[in-house]
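Understanding the architecture of this molecule
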Amino acid sequence: MTPAAQTFVDGTWHEGNPPLMGPMTLATWLGSVIFDGARAFEGTVPDLDLHCRRAVASAAKMNMNAPVSAEELVEICRDGVARFPTGSALYIKPLMWAEDGWIYPDPDSTRFAVNIFEAPLPAPSGSSCCVARFRRPAPDQAPTDAKSACLYPNQGRALREAHERGFDNAVVLDPLGNVAEFATANIFLAKDGVIHTPIPNGTFLDGLTRQRCIALLRGAGETVIERAVTVADLHTADEIWSTGNHAKLLPMTRFEDHDMQTGPLFTKARDLYWEFAHSGA
């Protein structure tokens, strides 16, 4: 069953999944699409302004001129959220794409939409993951500094490979063989009471939930080290978890043949994030 959805395009809200592109639209066949994702849950919409700013910035990095400001996007998103029952768990997805151009976009042909749909938050009950053979590209190989749709098919290949092997998610490496992220989110690990996460090196998106969690943990007195993380680090970790917009924070209880428990540092990170989200800060 298709989830309840509302889409704002060309100044009007539409129910469901309205058509946006034709076969001659540049985005349809040459991938000039950016999107962002925010979350509404339990009556909160954390960091909506940052997501909208990143959408506008991503459009510029993909050679498009955003036809709407970040502030206008925020207001449209809030209007859309209000169309659902209070407290609904929603995915909020601003999109921008190029209508015209040849190989690269005509910047002034950029269009936008805001798609909002019901999407329950996954329960933090523990998931499994494995290393994928598909890697993140280097910054000179793909537009890795934007939240661009063209980056996600390779992530999808990694995720499908993990599913076919019986795991819930995939750990994706960077071109040098270090850990970059999960196929769907950023990655953290804890060892001997210290939290570690891959340092942004231009190959993966430095997620907004990732940034928020680092700041909250450090503010609560925890040590968070951003560094090159190896696969060997994951095999000996006490805890592993993900941060991302779709699920926010999820614990991993198995990495390949290494079993773990949902640990105190993940629990603290999640509690801190929930407190922040409900604070309205």
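Residues numbered from 1 in each chain as written. Predicted model: local features only at pLDDT ≥ 70, side-chain atom pairs only at ≥ 80, totals over all residues. Heavy atoms only, no water.

A few words on the pattern of salt bridges. As enumerated under the stated definition, the model contains 14 salt bridges in all. Of the charged contacts, one joins Asp-47 and Arg-212 as a salt bridge, the two residues approaching to 2.6 Å between their closest N and O atoms. In this pair, Asp-47 sits in the loop between strand E4 (38-40) and helix H2 (48-61) while Arg-212 sits in helix H5 (residues 208-219), placing the two residues 165 residues apart along the sequence. By relative accessible area, Arg-212 is classed as partly exposed at 24%. With a shortest N-O distance of 3.5 Å, Glu-226 and Arg-218 are connected by a salt bridge. (Salt bridge = Lys/Arg side-chain N within 4 Å of Asp/Glu carboxyl O. Helix = DSSP H or I, 4+ residues; strand = E, 2+ residues; numbered from the N terminus. Buried < 20%, exposed > 50% of the residue type's maximum accessible area, 1.4 Å probe, protein only.)

This next bit is on the packing of aromatic side chains. The final tally for this structure, using the stated rule, is ten aromatic pairs. Measuring from centroid to centroid gives 6.1 Å for Tyr-273 and Trp-274, while their planes differ by 65°, and the two rings are edge-to-face. Given a relative accessible area of 0%, Tyr-273 falls into the buried group. A relative accessible area of 13% means that Trp-274 is categorised as buried. Their ring planes at 55° and their centres at 6.0 Å tell us that Tyr-273 and Phe-276 sit as a pair that is tilted. Placement of the pair is Tyr-273 and Phe-276 together in helix H7 (residues 264-279), with a separation of three residues, close to one helical turn. A residue is classified by how much of its surface remains accessible, and Phe-276, at 9% relative accessible area, is buried. In textbook terms, an aromatic cluster arises when at least three aromatic residues are bridged by ring pairs, as seen for Phe-41, Tyr-273, Trp-274 and Phe-276. (Phe/Tyr/Trp six-rings, centres within 6.5 Å; stacked < 30°, edge-to-face > 60°.)

Our next topic: the environment of Trp-13. As for its position among the elements, Trp-13 is in strand E2 (residues 12-15). Given a relative accessible area of 13%, Trp-13 falls into the buried group. Separated by 100 residues in the primary sequence, Trp-13 and Ala-113 have C-alpha atoms spaced 9.6 Å apart. Polar side-chain contacts of Trp-13 include one of 2.7 Å to the side chain of Asp-79. (Polar contact = N/O pair within 3.5 Å; in protein donor to acceptor, adjacent residues only side chain to side chain.)

Attention now moves to the state of the cysteines. Taken as a whole, this structure holds zero disulfides when the rule is applied. For the unlinked cysteine Cys-213, the closest cysteine sulfur is that of Cys-129, found at 17 Å. (Disulfide = S-S within 2.5 Å.)

Before going further, it helps to spend a moment on H5. If you check H5, its first and last C-alpha atoms are 16 Å apart, about what twelve residues at 1.5 Å a residue would give, namely 16 Å. Looking one or two places after H5, you find Gly-221, whose phi comes out positive at around 90°. (Expected span 1.5 Å × (residues − 1).)

Here we take up the pairing of strand E12 (residues 186-191). The buried count for E12 comes to five of six residues, which makes it a mostly enclosed element. The pairing of E12 with strand E15 (residues 239-244) spans five bridges and is antiparallel. Bridge pairing links Leu-189 to Ile-240 in E15. Pairing of E12 with strand E13 (residues 194-198) involves three bridges; the strand directions are antiparallel. Its bridge partner being in E13, Ala-190 is matched across the sheet by Ile-195. (Pairing = 2+ DSSP bridges.)

Tracing the chain through its elements places Ala-158 in helix H4 (residues 152-164). Between the C-alpha atom of Ala-158 and that of Leu-234, which follows or precedes it by 76 residues, the distance is 18 Å. Setting aside anything within four residues of it in sequence, one finds Ala-158 in contact with Ala-132, Phe-134, Ala-170, Val-172 and Ala-183. (Contact = heavy atoms within 4.5 Å.)

In the contact formed by H2 and helix H3 (residues 70-81), the axes pass within 8 Å of each other and the chain directions differ by 125°. Compared by their axis directions, H2 and H3 come out oblique. With respect to the hand of their crossing, H2 and H3 are arranged in right-handed fashion. Here H2 contributes Leu-48, Asp-49, Cys-52, Arg-53, Ala-55 and Val-56 to the contact with H3, which in turn contributes Ala-70, Leu-73, Val-74, Cys-77 and Arg-78. Classifying every residue of the contact of H2 with H3 gives eight nonpolar, no polar and three charged. (Axes fitted to C-alpha atoms, helices over the stretch in contact; angles between N-to-C directions. Parallel < 35°, antiparallel > 145°, perpendicular 65-115°, else oblique. Left-handed = near helix turned anticlockwise from the far one by under 90°. Nonpolar A, V, L, I, M, F, W, Y, C, P; charged D, E, K, R; others polar.)

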